[in-house]
Amino acid sequence: MRNIRADRPGQTISAQVLRPGRFQLETGFQRQFSGSGLAQSMSAATLRIGFFNSMELRVSQPYFHNGPTIMTEAGLLEASGWAPVVVGAKFMVSPNYDTRTQVAILVESAVPGTGSQGLRSTSWGPGGRLLVSEQLGERFGLEANLGFSQRGLKVADAQKGQFLGTLALNGPISDKAGFFVEAYGSGRATLSTGTTAGLYLRPLPQLRLDVNVGRVLGGLSNGTTLVGAGLVFKVGQ
């Protein structure tokens, strides 16, 4: 059975596309601490399904355990609960699954009308990423993402869209444990930058556990600390 390569933790998504007939469930919990003293918690789950023609189907949905109070026409509303469902697909550009350099394209969108009141959107929120993974030596890997996302399908929405760039390094510590570090930047007029680091453990070939910590270094959320943990489970070869 092949080792697990996950699209969590952190901002970076792997260029690996699941083989046909393989399923992978990735779940996690994250706690965010800001300089204002407000702590927010979020859980998220992503189901990845290996499909034919070097394609992977994906569906994910975050859950915000607490959030700020916002004003609506109906009055005050707690912005907590289910965020919109995000559906997408990852397409492999590399000639096969085993090349040292893997390239893939990810397209996804938030689905309008899904999620809890106060968090749901009335329009599609499309986004895309170019994903590149490079094997360094026998066991280390370098991952890079370059992406763009927007809320809505109009030209004006594209003009407010957000860019994203990430660079991550992962590698082994032992036969069953490893590390992950990344740097990222996102935004448009104002750039938000940060780092994430984590450790993972594979107690079983089909199971991976991880813990991670991150820090926002620039932008509107400068100084925010993030702490999280997750689990990845796969079925298939």
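These figures come from a predicted structure and were not determined experimentally. Each residue is numbered by its place in its chain's sequence as written, counting from 1. Since the coordinates come from a predicted model, pLDDT governs what is reported: local features require at least 70, and pairs of side-chain atoms require 80 or more to be given and counted, while whole-chain, interface and lining totals use all residues. Side-chain metrics rest on all non-hydrogen atoms present in the structure, leaving aside hydrogens and water.

1. Quick word on the overall build of the protein chain
Then, in step 1: A run of H or I in DSSP counts as a helix once it spans at least four residues, and a run of E counts as a strand once it spans at least two, with each numbered from the N terminus. A count of helical and extended segments in the protein chain gives one helix and 15 strands.
Then, in step 2: When we talk radius of gyration, it's over C-alpha atoms, and the globule rule is simply 2.2 Å times the number of residues to the 0.38. A globule of 237 residues ought to have a C-alpha radius of gyration of about 18 Å, and the protein chain, at 18 Å, matches this closely.
Then, in step 3: Across its three principal axes, the protein chain shows a C-alpha extent of roughly 55 × 35 × 30 Å.
Then, in step 4: Type-normalised accessible area, obtained with a 1.4 Å probe on protein chains alone, sets the label of each residue: buried when under 20%, exposed when over 50%, and partly exposed for intermediate values. Here the protein chain holds 237 residues, and the buried ones make up 38% of them.
Then, in step 5: Residue contacts follow a heavy-atom distance rule, with two residues in contact if any of their heavy atoms lie within 4.5 Å. For the protein chain, restricting intrachain contacts to residue pairs at least 6 apart in sequence, the fraction spanning at least 24 positions comes to 49%.
Then, in step 6: Positive charge is attributed to Lys and Arg, negative charge to Asp and Glu, and no charge count is given to His or to the chain ends. Charge placement uses NZ in Lys and CZ in Arg. For Asp and Glu, CG and CD serve respectively. Mean positive and mean negative side-chain charge positions of the protein chain (22 and 14 charges, respectively) differ by 1 Å.

2. Let's talk about the packing of aromatic side chains
Then, in step 1: Working definition: a ring pair exists when centres of Phe, Tyr or Trp rings (six-membered ring for Trp) sit within 6.5 Å. Plane angles under 30 degrees give stacked, over 60 give edge-to-face, the rest tilted. Counted under the stated rule, the structure contains four aromatic pairs.
Then, in step 2: For the pair Tyr 63 and Trp 82, a centre-to-centre distance of 4.9 Å together with 70° between the ring planes defines the contact as edge-to-face. In this pair, Tyr 63 sits in strand β3 (residues 55-64) while Trp 82 sits in strand β6 (residues 81-82), placing the two residues 19 residues apart along the sequence.
Then, in step 3: Taking the relative accessible area as the measure of exposure, Trp 82 reaches 41% and is therefore partly exposed.
Then, in step 4: For the pair Phe 148 and Phe 163, a centre-to-centre distance of 4.9 Å together with 55° between the ring planes defines the contact as tilted. Taken as a pair, Phe 148 in strand β10 (residues 140-149) and Phe 163 in strand β11 (residues 162-172) lie far apart in primary sequence, 15 residues in all.

3. What about the pattern of salt bridges?
Opposite charge on two side chains makes pairing possible when the charged atoms of those side chains draw close.
Then, in step 1: When a carboxyl oxygen of Asp or Glu is within 4 Å of a side-chain nitrogen of Lys or Arg, the pair counts as a salt bridge. In this structure the tally under the stated criterion is nine salt bridges.
Then, in step 2: In this structure, the salt-bridge partner of Asp 7 is Arg 48, at a minimum N-O distance of 3.6 Å. With Asp 7 in the segment before β1 (23-33) and Arg 48 in strand β2 (residues 39-51), this residue pair connects regions lying 41 residues apart in the sequence. Here the two residues Asp 7 and Arg 48 agree in accessibility, since each one is buried.
Then, in step 3: In this structure, the salt-bridge partner of Asp 7 is Arg 58, at a minimum N-O distance of 2.6 Å. Taken together, the residues Asp 7 in the segment before β1 and Arg 58 in strand β3 connect sequence positions 51 residues apart.
Then, in step 4: Residue Arg 58 is classed as buried on the basis of its relative accessible area of 11%.

4. Focus on the confidence of the model for the protein chain
Then, in step 1: By definition, pLDDT measures how confident the predictor is in each residue, and it falls between 0 and 100. Overall, the predicted model of the protein chain reaches an average pLDDT of 90, with 92% of residues at or above 70.
Then, in step 2: At the level of individual helices and strands, the protein chain shows its lowest average pLDDT in strand β4 (residues 69-72), which scores 51, and its highest in strand β7 (residues 86-92), which scores 98.

5. What about the pairing of strand β12 (residues 177-187)?
Then, in step 1: Here 10 bridges tie β11 to β12, and the two strands are oriented antiparallel to one another. Across the sheet, residue Phe 163 finds its bridge partner in β12, namely Gly 187.
Then, in step 2: Two strands are counted as paired when DSSP detects at least two bridges linking them. In sequence, β11 turns back onto β12 through a hairpin of four residues.
Then, in step 3: Pairing of β12 with strand β13 (residues 191-204) involves 11 bridges; the strand directions are antiparallel. If you follow Gly 185 over to β13, its bridge partner there is Thr 193.
Then, in step 4: Following β12, the chain reverses through three residues before pairing antiparallel with β13.

6. Describing the environment of Ser 43
Then, in step 1: Structurally, Ser 43 can be placed in strand β2.
Then, in step 2: Here Ser 43 is in contact with Gly 28, Phe 29, Gln 61, Pro 62, Tyr 63 and His 65, once residues within four sequence places are set aside.
Then, in step 3: Within the structure, the side chain of Ser 43 is placed 2.7 Å from the side chain of His 65, a separation counted as a polar contact. Any pair of N or O atoms that falls within 3.5 Å is considered a polar contact. Within protein, one atom must be able to donate a hydrogen and the other to accept it, and sequence-neighbouring residues count only if both atoms are side-chain atoms.

7. Re unusual backbone geometry
Then, in step 1: The omega torsion across Arg 8 and Pro 9 is -5°, close enough to zero to call that bond cis.
Then, in step 2: By the secondary structure assignment, Pro 9 is in the segment before β1.
Then, in step 3: A positive phi angle, close to 55°, is found at Asn 53, a residue other than glycine.
Then, in step 4: Mapped onto the secondary structure, Asn 53 falls in the loop between β2 and β3.
Then, in step 5: Residue Asn 53 is classed as exposed on the basis of its relative accessible area, which comes to 68%.

8. Thoughts on the side chain of Thr 12
Then, in step 1: Among the secondary structure elements, Thr 12 is positioned in the segment before β1.
Then, in step 2: Since its relative accessible area comes to 5%, Thr 12 is described here as buried.
Then, in step 3: A distance of 3.0 Å separates the side chain of Thr 12 from the side chain of Thr 166, its partner in a polar contact.
Then, in step 4: Polar side-chain contacts of Thr 12 include one of 2.5 Å to the side chain of Glu 182.

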